[in-house]
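# Coordinate analysis (summary)
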Amino acid sequence: MEKGTLVEFRVQGDRRLGVIDRPDGKTRWFVVDERGQSHSLAPRQITYTVNGKTYKSSEIPAFLEEVKPYLDPSSLEVAWELLVEDGETVTPSQMANLLFSESESASCYAAHCLLSDDKLYFKQKGDAYEPRTTAQVAERKHQIEVEALKARGQQEFLVRVEQALQGEAVEWQRHDRQRLEALEKYAALLADIVRVGVNYDSLARAYPPPAPVLETMNMLGRPATPQGAFQLLVDLGWWSATENLFLRRSAIPVQFPSKVLEVAQQRLDDLPTDSDTNRLDLTHLKVYTIDDESTTEIDDGLSWEQVSDGRERLWVHIADPTRWLAPEDDLDLEARKRGSTVYLPTGMVPMFPEVLATGPMSLVQGKVCCALSFGIILDAHGGVEDYTIHPSLIKPTYRLTYEDVDEMLQLGVQAEPEIAAIATWAKKRKVWRYNQGAISINMPEAMIKVKDDDISIDILDDSLSRHLVAEMMILAGEVAARYGQEHNIPLPFRGQPQPELPPDEELLLLPAGFVRSCAMRRCMPKSEMSITPVRHAGLGLNTYTQATSPIRRYSDLLTHFQLKAHLRGEVLPFSAEQLKEVMMTVTSTTQEVTMVERQTNRYWALEYLRRHPEQIWPVTVLMWLREDSNLALILIEDLGLQLPMIFKRSVNLGEQVCVKVSISDPQKDVIQFQEIIYQEAQIATN
């Protein structure tokens, strides 16, 4: 190749012109570009040779100026229209003649530039170019339009992202939401750090980002990891820094489908026919509903009356949501999918739409309500002597809190002797159950609430009122199960195998109180579900089912469906096999709900402790998790929290020590304490 020949080559994809200077070995050439830089090129790296004359590198800018007037990409369409019918190939020199009626060096190079850059009308074939077919051009135009739309959409998305990052209000578009929802799913994988104990690096390797996430994160210059996606969503204000990843990672639906909400509203607007035409009118009874102040789904009430033969009858009235739905309808199937209401520190996710659950399904004070009422007469010891079950009408008289009832019992309010009578029977009932082998394990239970980012942790009172309500609910569950057993009705019976508790002499070696209760709790087997009656060792009952929360637990709703159909003399809605199949699905769902509730409570407990790094907490050493490494379970008695701690010295079970938090990272599920010696603790508390 002659010295001074002008050639085109590429540097990192960019078009560059240079002048042949001298050979570099047998096959390569040194080429000098317009900047005076020398490049060693193989022949295959040279993409075009300008013929006609030789040049100096300093003349390249002038040559490019000559080329510029010819560089009109729209001129290719005219050439394509002339050539497409015959489909003949064309060289840059021929294209220059066709477009510009000349074939000088500048026009030929311009034609080469136009053809080599063209992605629409021509495709390279050797050293020449072939016109694409009409169909191919149409398809290419469509692709280009799509790519342009995508590019414009990306640019507009970037603008909205920038606005959001600056704290401005943003109206996200449909395509934006698709991007953000993909990020949500990916970021929710962080819950696996807690669920299966992986670390951040392992998580990123195990779950590479899907294409939409990778594109978005690369576009924004963010790391394409679950943590990176989480942080982006927080920075955009799409998520809070305390987003519940456990709930998002679960299959639990947070929102109700529009169809289900429409059905709920239709039931409100057009009251369905009541299948129970002969409801027992109990509106004359004084009915007490007793709940926490924050409870909105009120599903049980209590009454007491003197019977004509001198005996006393307790009434446990349970809300009757089956008045508003039927087995297998939209509301029932949605409730079945949810399994139960989810109770979280930040609020609840109801099993039924709130317009029904907190309204007509609930036992509302002062309103006539449909209920399933259990009338029970106990013997002198607290055992069930006689009972009756009726679909009923009641009119709740008082909505009371547990604190209200405790105060009434302490003051002995004479105007409400019914409450005192119910409390007396509840005590007898508890004694009777323990005589039947019931097992009492008393551990403090934390109640965590989050409102406007403020976290409060209270210990549930072990009060008379809570015992009263608990005993009445257990009593109703026993009666429902006995009715099912006596009439051979398949129900979701609950049982618990007899535990193998440590021998008394072994328990006596442990400190009394929480340590001993903790040791007993470890021995308690999990409760079981069965379609046939089974003993519940923990409650001391030969048969038991849950029937008192049909608005909040789907298994209780199943019990209502079955009992009410039998009371009406109808075919049961669920055969034994059908019930078994439904129970398997619901049990799996409720286990997931329980896990989400537990993980969420732990998250907020750790967040609470993170916010109180200087607080000194008195704790009790409950049990060993790994005694060889001094890893113990401790109880923070002021909060009712049980958490792990590694001690740097030997400690005894039941020993009380003072600690404070050294590390608390709720997102990584990491908590570490350090022991504070007695003198330090005294100084800190004074």
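The preceding data block contains the structure.
Residues numbered from 1 in each chain as written. Predicted model: local features only at pLDDT ≥ 70, side-chain atom pairs only at ≥ 80, totals over all residues. Heavy atoms only, no water.

### Here's the deal with the nonpolar core
This is how the line gets drawn: To define a nonpolar core, start from buried Ala, Val, Leu, Ile, Met, Phe, Trp, Tyr and Cys residues and group those joined through side-chain atoms within 4.5 Å. Remark: exposure states derive from per-residue accessible area (1.4 Å probe, protein chains only) relative to the maximum for the residue type, with buried under 20%, exposed over 50%, and partly exposed in between. Numbering of helices and strands runs from the N terminus, with a helix taken as a DSSP run of H or I at least four residues long and a strand as a DSSP run of E at least two residues long. For this analysis, residues touch if any pair of their heavy atoms sits within 4.5 Å.
Counting 61 residues, the largest nonpolar core has L609 and F673 as the members making the most contacts within it. Counting residues per element, this core draws most heavily on helix α21 (residues 576-610), which supplies eight residues. Setting aside anything within four residues of it in sequence, one finds F673 in contact with L609, I634, I636, L643, P644, M645, V659, K660, V661 and S662. Counting residues in hydrophobic clusters, the runner-up holds 39 residues, among them I376, Y402, A480 and A481.

### Examining the packing of aromatic side chains
Our working rule: Ring pairs are drawn from Phe, Tyr and Trp, using the six-membered ring of Trp, whenever the two centres fall within 6.5 Å, and their geometry is named by plane angle: stacked under 30 degrees, edge-to-face over 60, tilted for the rest. Counted as over-ring charges are cases with an Arg CZ or a Lys NZ within 6 Å of the ring centre that also lie within 35 degrees of the ring normal.
Applying the stated criterion to the full structure yields twelve aromatic pairs. Relative to F63, the ring of Y55 lies with its centre 5.5 Å away and its plane at 70 degrees, an arrangement referred to as edge-to-face. The exposure classification of Y55 matches that of F63, with both residues buried. With a centroid separation of 6.3 Å and 50 degrees between ring planes, the pair formed by F561 and F574 is classed as tilted. In this pair, F561 is assigned in helix α20 (residues 554-568) and F574 in the loop between α20 and α21, connecting sequence segments 13 residues apart. The class of F561 is buried, set by a relative accessible area of 5%. A relative accessible area of 3% places F574 in the buried class. One aromatic cluster in this structure is built from Y48, Y55, F63 and Y109. Sitting above the plane of the W324 ring, R323 keeps its charged end 5.9 Å from the centroid. When the ring centre of Y434 is taken as reference, the NZ or CZ atom of R433 above it lies at 5.5 Å.

### Topic: the sheet that holds strand β22 (residues 631-636)
Inclusion rule: Any two strands between which DSSP finds at least two bridges are classified as paired. To get an axis, fit a line to the C-alpha atoms, keeping to the stretch in contact for a helix; angles then go from 0 to 180 degrees between the N-to-C directions.
Strand order in the open sheet formed by five strands is β23-β22-β21-β24-β25, and the pairing between neighbours is antiparallel. Lying at the two open borders of the sheet, with one neighbouring strand each, are β23 (641-646) and β25 (670-676). Sheet twist, expressed as the mean angle between neighbouring strand axes with direction ignored, is 45 degrees. Inspection of the sheet shows strand β21 (residues 617-626) paired to strand β24 (residues 656-665) by four bridges, in the antiparallel sense. Counterpart to W617 in the pairing with β24 is V659. Along the sheet face, α21 touches β21, β22, β23, β24 and β25 and points at about 65 degrees away from the line of β23.

### Concerning a negative patch on the surface
What counts, and what does not: Patches were defined on residues exceeding 30% relative accessible area and lacking a salt bridge, with like-charge contacts within 9 Å and nonpolar side-chain contacts (Val, Leu, Ile, Met, Phe, Trp, Tyr) within 5 Å. For accessible areas, the Shrake-Rupley method is used with a probe of radius 1.4 Å. Any residue's cover is judged against the shown protein chains and nothing else. One side-chain nitrogen of Lys or Arg within 4 Å of one carboxyl oxygen of Asp or Glu is enough to make a salt bridge. Counting rule applied: Lys, Arg positive; Asp, Glu negative; His and chain ends not counted. Every charge is mapped onto a representative atom, which is NZ of Lys, CZ of Arg, CG of Asp or CD of Glu.
On the surface, E293, E403, D404, E407, D458, D461 and D462 cluster together to form a negatively charged patch. For the negative patch, the element with the most residues is helix α15 (residues 402-411), which contributes three residues. With respect to the secondary-structure elements, E407 resides in helix α15. The class of E407 is partly exposed, set by a relative accessible area of 46%.

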